[in-house]
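Examination of the molecular architecture
Listed below are the residues making up each chain.
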Amino acid sequence: MPEEHDAPATALELVGQHRVELRRDPAVDTLELFGRDGKVVLAIEVRETGPVLRFEGAGLTLKAAGELVLDAKKLTLRSEEALSLSTGGDLDLVAAGDLRSTARVQTITAELGDVRVEANDDVRIDGERVLVNC
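Remember, predicted model here, so these are calculated numbers, not experimental data. Counting of residues starts from 1 at the beginning of each chain's written sequence and follows it residue by residue. Given that the model is predicted, a residue must reach a pLDDT of at least 70 before its local features are reported, and side-chain atom pairs must reach 80 or more before they are shown or counted; all residues, however, enter totals for whole chains, interfaces and linings. Note that the side-chain values use all heavy atoms of the structure and ignore hydrogens as well as water.

**Section: the overall build of the protein**
Threshold: Strands are runs of DSSP state E lasting at least 2 residues, helices are runs of H or I lasting at least 4, and numbering of each runs from the N terminus. The globule rule used here is 2.2 Å times the number of residues to the 0.38 power, and the radius of gyration it is set against is calculated over C-alpha atoms. Buried residues are those whose accessible area, probed at 1.4 Å on protein chains only, stays under 20% of the maximum for their type, while exposed residues exceed 50% and partly exposed ones sit between those limits.
Along its length, the protein carries zero helices and five strands. For 134 residues, the compact-globule formula gives about 14 Å, and the C-alpha radius of gyration of the protein, at 25 Å, lies well above that figure. Projected onto its principal axes, the C-alpha coordinates of the protein cover approximately 75 × 35 × 35 Å. In the protein, which comprises 134 residues, the proportion classed as buried is 8%.

**Things to note about the packing of aromatic side chains**
Heads up, the condition is: Pairs were defined over the aromatic rings of Phe, Tyr and Trp, the Trp ring being its six-membered one, requiring ring centres within 6.5 Å. Orientation was assigned from the angle between planes: stacked under 30 degrees, edge-to-face over 60, tilted for the rest. Here, over-ring charges are defined by two tests on the NZ atom of lysine or the CZ atom of arginine: distance to the ring centre within 6 Å, and angle to the ring normal within 35 degrees.
For the structure on display, the rule yields zero aromatic pairs. Geometry around F34 places R19 over its ring, the cationic atom sitting 4.3 Å from the centre.

**What about the pairing of strand β2 (residues 19–23)?**
Formally: Paired strands, as defined in this entry, are two strands with at least two bridges between them according to DSSP.
The pairing of strand β1 (residues 10–13) with β2 spans four bridges and is classified as antiparallel. Looking across to β2, one finds that E13 is bridged to R19. Hairpin remark: β1 followed by β2, antiparallel, with five residues in the connecting loop; positive phi at G16, about 70°. Across five bridges, the pairing between β2 and strand β3 (residues 28–34) is antiparallel. The residue bridging E21 from the neighbouring strand is E32, located in β3. What sits between the antiparallel neighbours β2 and β3 is a turn of four residues.

**A short note on the sheet that holds β3**
Selection criterion: Axis lines are fitted to C-alpha atoms, over the contacting stretch for helices. Their N-to-C directions set the angle, which ranges from 0 to 180 degrees.
Spatial ordering of the open sheet is given by β1-β2-β3-β4-β5, a layout of five strands whose pairing is antiparallel. In this open sheet, the two edge strands, each paired with only one partner strand, are β1 and β5 (50–55). Averaged over neighbouring strand pairs, the angle between their axes works out to 10° when direction is ignored.

This is the structure we're talking about:
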């Protein structure tokens, strides 16, 4: 038997056998979009601390005709298999603190033009063998 503060979900059937449900609870209000297979594809949870978006499914595409900005105190991107950044123009990586890059193998290639390394202090190259002009 549902508790007295639990209200039944309000459901709306959508085209393509999709469905949206709104559930209200004292701690969280939840709006869920279900796919035709009955699985949740999008959930919006509204809590006292603010909204939380949850996407579930095979893929997700965010598309903007103009600028897309992600602005956060801390941002983490995780990928199980691969992560790719690409642009048709310039790419700037800027950090007010340190920049670290770690990988099994690293390759820097300039397809046209120079590779420049500038440092305010020393430039250190440490390896078992340092090969130059090979």
